[in-house]
Amino acid sequence: MAQEVRGVIAPGKDEPVRVETIVVPDPGPGEAVVQVQACGVCHTDLHYKQGGISDDFPFLLGHEAAGVVESVGEGVTDVAPGDFVILNWRAVCGQCRACLRGRPWYCFNTHNAEQKMTLTDGTELSPALGIGAFAEKTLVASGQCTKVDPSVSAQVAGLLGCGVMAGIGAAINTGNVGRGDSVAVIGCGGVGDAAIAGSRLAGAAKIIAVDIDDRKLETAKRLGATHTVNSKANDAVEAIRELTGGFGADVVIEAVGRPETYKQAFYARDLAGTVVLVGVPTPEMKLELPLLDVFGRGGSLKSSWYGDCLPSRDFPMLIDLHLQGRLPLDEFVTETIRLDEVEKAFERMHHGDVLRSVVVL
Ligand code: APR
Ligand code: ZN
Ligand code: ZN
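Note on numbering: residues in each chain are counted from 1, in written sequence order. Whichever chain is written first is A, and whichever ligand is written first is 1; the rest continue in order. In keeping with the predicted nature of the model, local features appear solely for residues at pLDDT of at least 70, side-chain atom pairs appear and are counted solely at 80 or more, and the whole-chain, interface and lining totals rest on all residues. Heavy atoms from the whole structure form the basis of all side-chain values; hydrogens and water molecules are not counted.

1. Considerations on the coordination of the zinc ion (ligand 2)
Sites may look incomplete because water is not among the atoms; the donors themselves are N, O and S atoms within 2.8 Å of the metal, or within 3.2 Å for Na, K and Ca. In the first shell of the zinc ion (ligand 2), the protein supplies Cys93 (SG), Cys96 (SG), Cys99 (SG) and Cys107 (SG), at 2.3 to 2.4 Å from the metal. Square planar and octahedral sites, with four and six donors, are those where opposite donors lie more than 155 degrees apart and all other angles lie between 65 and 115, tetrahedral sites have four donors with every angle between 85 and 135 degrees, and the rest are irregular. Taken together, the four donor atoms coordinating the zinc ion (ligand 2) span angles of 105 to 118° at the metal, a pattern that classifies the geometry as tetrahedral. Mapped onto the sequence, the residues coordinating the zinc ion (ligand 2) show the spacing C-x2-C-x2-C-x7-C. Comparing Cys96 with Cys99, the two get one shared label, buried. Classification of residues uses two cut-offs on accessible area relative to the type maximum, computed with a 1.4 Å probe and protein chains only: under 20% is buried, over 50% is exposed, and between them is partly exposed.

Structural data, given as structure tokens:
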């Protein structure tokens, strides 16, 4: 039987978000209903509210979530009621060209739940990133649920559903950071800090954090940065080269999403070094580079999609590493809030005051 629960809705472009009663249907074939325990507030939720991602209002916001599977639909065998899970953006098919070539994060046939959650008047909701987890319960495709060790706190587990996974994955999956490497991370918000934590996990010997805000550099140190550079006061490229014996870093991770910082990353890489773009640019952004500098320095320029993660492989592994004390995920939770405080959390995020506000249910 369909259930009525509370959820945070973005009703229209630039309108404040509000808590409303939503209707969650019983899971159909291949679907699961999850009792949400925690869900982080991400920039993407704010972009939905601002109309920057789609016009498909009203949205049910929230997508960095963990919780317990309440019920599953016909044919679901990968998860069962009672499982503690982290939600991911989309289930992959396992059969398309990308999946078969071992790159499921580029799957052509991803899917979310088929049925729609609605408002009580029947208005269909668009769940943010196919999740919609600023809600007591949400409906997803069962393939969006990944079981992890239930002894981890939900507020920490949920972080892996988006920004923190994007950052860690940019370092360990896309950048292939290895033991002894030097890494520079430009932009130390949630994503950049996660790239720093991921680099430390991978055994990087030198981790250079670059930001224009000294507060961010302090947090970056707690997550594993061995050196910091304020790029408002210093030339980022010069500083990174100086800190790496004049060469540049083996891996440079751009976690801002702007042409000027990507250019810094490009020139701060060592000969044959790797540049990883994880910051998301806007459609109008362009960057001109002398082709000879691409050629002459060698190496590779890569972009990282959702940290090139495979949830079923990466989520349980990273939770285990956290439980062993090797990945300080709790550092990312600045504050825990209630469902009706999401609008305020957007304000604080906008001012750069928090790494993550996490709604706890
Ligand atoms: N140089 C260096 N750092 C900068 C610059 C700059 N020119 N401009 C901004 N920053 C820093 C900010 O001070 C902040 O610490 O970049 C950081 C951005 O962090 P957040 O705004 O918290 O964003 P975050 O959630 O980390 O995401 C970063 O990755 O996945 C993408 O869409 C996401 O594009 C965004 C990026
Ligand atoms: Zn596929
Ligand atoms: Zn997100």
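More follows now that the structure is in view.
2. What to know about the sheet that holds strand S14 (residues 249-254)
Judged by pairing direction, the sheet is parallel, and its six strands sit side by side in the order S13-S12-S11-S14-S15-S16 without closing on themselves. Lying at the two open borders of the sheet, with one neighbouring strand each, are strand S13 (227-230) and strand S16 (300-303). Within this sheet the neighbouring strands show an average axis-to-axis angle of 20°, counted without direction. Only strands that DSSP links by at least two bridges are regarded as paired with each other. A run of DSSP states H or I qualifies as a helix once it reaches four residues; a run of E qualifies as a strand once it reaches two. Both are numbered from the N-terminal end. Two elements, strand S12 (residues 206-211) and S13, share four bridges in a ladder whose sense is parallel. Its bridge partner being in S13, Asp211 is matched across the sheet by Asn230. Axis lines are fitted to C-alpha atoms, over the contacting stretch for helices. Their N-to-C directions set the angle, which ranges from 0 to 180 degrees.

3. A short note on the layout of surface pockets
As defined here, a cavity is a set of points on a 1 Å grid over the protein atoms alone where a 1.4 Å probe fits but cannot get out. A pocket is an open set with protein on both sides within 12 Å along at least five of seven lines, and residues line them when an atom is within 4 Å of a point. Grid points are joined across faces, edges and corners, and a volume is the space filled by probe spheres set on the points. The space that makes up the second largest pocket amounts to roughly 310 Å³. Around the second largest pocket, the lining is made up of 20 residues, and of these Asn88, Arg90, Val92, Gly143 and Pro311 lie nearest the centre. Mapped onto the lining of the second largest pocket, the elements with two or more residues apiece are strand S10 (145-147) and helix H10 (311-323). For the lining of the second largest pocket, the leading source of residues is S10, giving three residues. Of the residues belonging to the lining of the second largest pocket, the class tally is eleven nonpolar, six polar and three charged. All residues other than Ala, Val, Leu, Ile, Met, Phe, Trp, Tyr, Cys, Pro, Asp, Glu, Lys and Arg, Gly among them, are scored as polar; the first ten of these are nonpolar and the last four charged.

4. A closer look at unusual backbone geometry
The linkage connecting Phe57 with the following residue, Pro58, adopts the cis geometry, with an omega of -10°. Looking at where Pro58 falls in the secondary structure, it is placed in the loop between helix H1 (43-49) and strand S4 (59-60). Although it is not a glycine, Asp14 adopts a positive phi angle of roughly 65°. Take Asp14: it is sitting in the loop between strand S1 (3-10) and strand S2 (18-24). Residue Asn176 is not a glycine yet carries a positive backbone phi of 55°. Positionally, Asn176 belongs in the loop between helix H4 (163-174) and strand S11 (182-186).

5. Some remarks on the UniProt feature "domain: Enoyl reductase (ER)" (unreviewed entry) in the protein chain
UniProt positions are given in the numbering used here, feature names are shortened, and annotations may be inferred rather than shown by experiment. UniProt marks residues 12-361 with the feature "domain: Enoyl reductase (ER)" (unreviewed entry), using the numbering shown here. In the segment residues 12-361, helix accounts for 27% and strand for 25%; the C-alpha atoms at its two ends are 25 Å apart.

6. Structural notes on the packing of H4 against helix H5 (residues 190-201)
The contact between H4 and H5 brings their axes to 7 Å, and the two run at 45°. Our classification of the angle between H4 and H5 gives oblique. Considering only the axes of H4 and H5, their crossing is right-handed. Along the contact surface, H4 presents Gly163, Val164, Gly167, Ile168, Ala171 and Ile172, while H5 presents Val191, Ala194, Ala195, Gly198 and Ser199. Along the lines of polarity and charge, the residues of the contact of H4 with H5 split into seven nonpolar, four polar and no charged. Just so you know how the angles are binned, under 35 degrees is roughly parallel, over 145 roughly antiparallel, 65 to 115 roughly perpendicular, and the rest oblique. By the definition used in this description, the sense in which the near helix is turned from the far one sets the handedness, with an anticlockwise turn below a right angle giving left-handed and a clockwise turn giving right-handed. The contact definition used throughout considers only heavy atoms, calling two residues in contact when any of these lie within 4.5 Å.

7. Here we look at the state of the cysteines
Disulfide assignment relies on a single distance test, namely cysteine sulfur atoms paired within 2.5 Å. As enumerated under the stated definition, the model contains zero disulfides in all. Cysteine Cys188 is unpaired, with the sulfur of Cys42 as its nearest cysteine sulfur at 17 Å.

8. Some points on the coordination of the zinc ion (ligand 3)
Geometrically, a metal with four donors at the corners of a regular tetrahedron has ideal angles of 109.5 degrees, and one with six donors at the corners of a regular octahedron has ideal angles of 90 or 180 degrees. Coordination of the zinc ion (ligand 3) by the protein involves Cys42 (SG), His63 (NE2) and Cys162 (SG), with metal-donor separations of 2.0 to 2.2 Å. Mapped onto the sequence, the residues coordinating the zinc ion (ligand 3) show the spacing C-x20-H-x98-C. With Cys42 in the loop between strand S3 (31-40) and H1 and His63 in the loop between S4 and strand S5 (64-72), this residue pair connects regions lying 21 residues apart in the sequence.

9. A few points about helix H11 (residues 342-350)
Among all positions in H11, only Val342, Ala345, Phe346 and Met349 are buried. Taken down its axis, H11 places every buried residue within 105° of arc, on the same side. Buried residues belonging to H11 abut S1, H1, strand S17 (333-337) and strand S18 (356-360). This arc is taken over the directions from the axis of the helix to the C-beta atoms.

10. Regarding the site of ligand 1
Near, as used in this document, describes a residue that has one of its heavy atoms within 4 Å of the molecule or strand being considered. What surrounds ligand 1 is a group of 16 residues, the closest being Gly190, Val191, Asp211, Ala255 and Val280. Any N or O atom pair separated by 3.5 Å or less is treated as a polar contact, with the protein-specific requirement of one donor-capable and one acceptor-capable atom, and with residues adjacent in sequence counted only for side-chain atom pairs. A distance of 2.9 Å separates an oxygen atom of ligand 1 from a polar backbone atom of Val191. Within the backbone of Val256, one N or O atom sits 3.2 Å away from an oxygen atom of ligand 1. Method for areas: the Shrake-Rupley scheme with a 1.4 Å probe, in which residue coverage is limited to the protein chains shown. Here ligand 1 has 730 Å² of accessible area as a free molecule, and 77% of this is covered by the chains. Per-class residue counts for the shell around ligand 1 are seven nonpolar, seven polar and two charged.

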